[in-house]
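# Results of the structural survey
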Amino acid sequence: MTANQFDTSLPSTRQIQKCTKEKITVKFGLMTGDTIIGRIFWQDQNCICVLDSNNEQTTLWRQAIAYMKPLGDMVEEKGLVPQNANVEVVPV
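Residues numbered from 1 in each chain as written. Predicted model: local features only at pLDDT ≥ 70, side-chain atom pairs only at ≥ 80, totals over all residues. Heavy atoms only, no water.

## Focus: helix 1 (residues 11-21)
Within helix 1, the full set of buried residues consists of Thr13, Ile16, Cys19 and Thr20. Buried residues of helix 1, viewed axially, fall in a sector of 125°; they line one side. Exposed side chains of helix 1 directed beyond 90 degrees from the buried face belong to Pro11 and Lys21. Turning to helix 1, the residues buried within the fold contact strand 1 (25-30), strand 2 (35-43), strand 3 (47-51) and strand 5 (65-70). Looking at the residues trailing helix 1, positive phi occurs at lysine 23, about 55°. (Buried < 20%, exposed > 50% of the residue type's maximum accessible area, 1.4 Å probe, protein only. Helix = DSSP H or I, 4+ residues; strand = E, 2+ residues; numbered from the N terminus. Arc of directions from axis to C-beta. Contact = heavy atoms within 4.5 Å.)

## A few points about the state of the cysteines
All told, the structure shown has zero disulfides when counted by the stated rule. Its sulfur unpaired, cysteine 47 is 9.0 Å from the next cysteine sulfur, which belongs to cysteine 49. Cysteine 47 sits in the buried class, given a relative accessible area of 7%. (Disulfide = S-S within 2.5 Å.)

## Points about the confidence of the model for the chain
Any residue range with low pLDDT should be treated as having predicted coordinates unsuitable for detailed reading. For the chain, per-residue confidence averages 82 on the pLDDT scale, and 73% of positions sit at 70 or higher. The least confident element of the chain is helix 2 (residues 74-77), whose mean pLDDT is 48; the most confident is strand 4 (residues 57-61), at 97. (pLDDT = per-residue confidence, 0-100.)

## Brief notes about the pattern of salt bridges
Per the counting criterion, the structure on display carries one salt bridge. The residue lysine 18 makes a salt bridge to glutamate 22 at a minimum N-O spacing of 2.9 Å. Note on glutamate 22: relative accessible area 39%, which makes it partly exposed. (Salt bridge = Lys/Arg side-chain N within 4 Å of Asp/Glu carboxyl O.)

## Focus on the environment of glutamine 63
With respect to the helices, strands and loops of the structure, glutamine 63 is situated in the loop between strand 4 and strand 5. On the basis of relative accessibility, which here comes to 62%, the residue glutamine 63 falls in the exposed class.

## Focus: the environment of isoleucine 40
By the secondary structure assignment, isoleucine 40 is in strand 2. Between the C-alpha atoms of isoleucine 40 and leucine 51, which are 11 residues apart in sequence, the distance is 6.2 Å. Residues contacting isoleucine 40, with those up to four places away along its chain left out, are Ile16, Cys19, Thr20, Val26, Phe28, Ile48, Cys49 and Met68.

## Details of the nonpolar core
Judged by nonpolar contacts, Ile16, Cys19, Ile24, Val26, Phe28, Leu30, Ile36, Ile40, Ile48, Val50, Leu60 and Ile65 together constitute the single largest core of 12 residues. For this core, the secondary-structure elements that each account for two or more residues are helix 1, strand 1, strand 2 and strand 3. Top contributing element to this core by residue count: strand 1, with three residues. Apart from residues no more than four positions distant in its own chain, phenylalanine 28 is found in contact with Asp34, Thr35, Ile36, Ile40, Ile48, Val50, Leu60, Ile65, Tyr67 and Met68. (Core = buried A, V, L, I, M, F, W, Y, C linked by side-chain atoms within 4.5 Å.)

Structure (structure tokens):
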């Protein structure tokens, strides 16, 4: 596989595809300290496009992303939180 080819076997790529397919709202923290919240519209090997609450597109370069966090009930519903954990999910 060449370095610039899109690798769908990576867990990060699959997680982003899942959030895209299920239209899950996600929070991106950028290296600049800025935060982008919205739904992932598309991704390629260089960028991720996010639709905000006004359906405006923001294209993020992958190198600019510090972290991505799915929001909403996804984490609790998928059993990713230990049963004895104290977790509060804030509606978006």
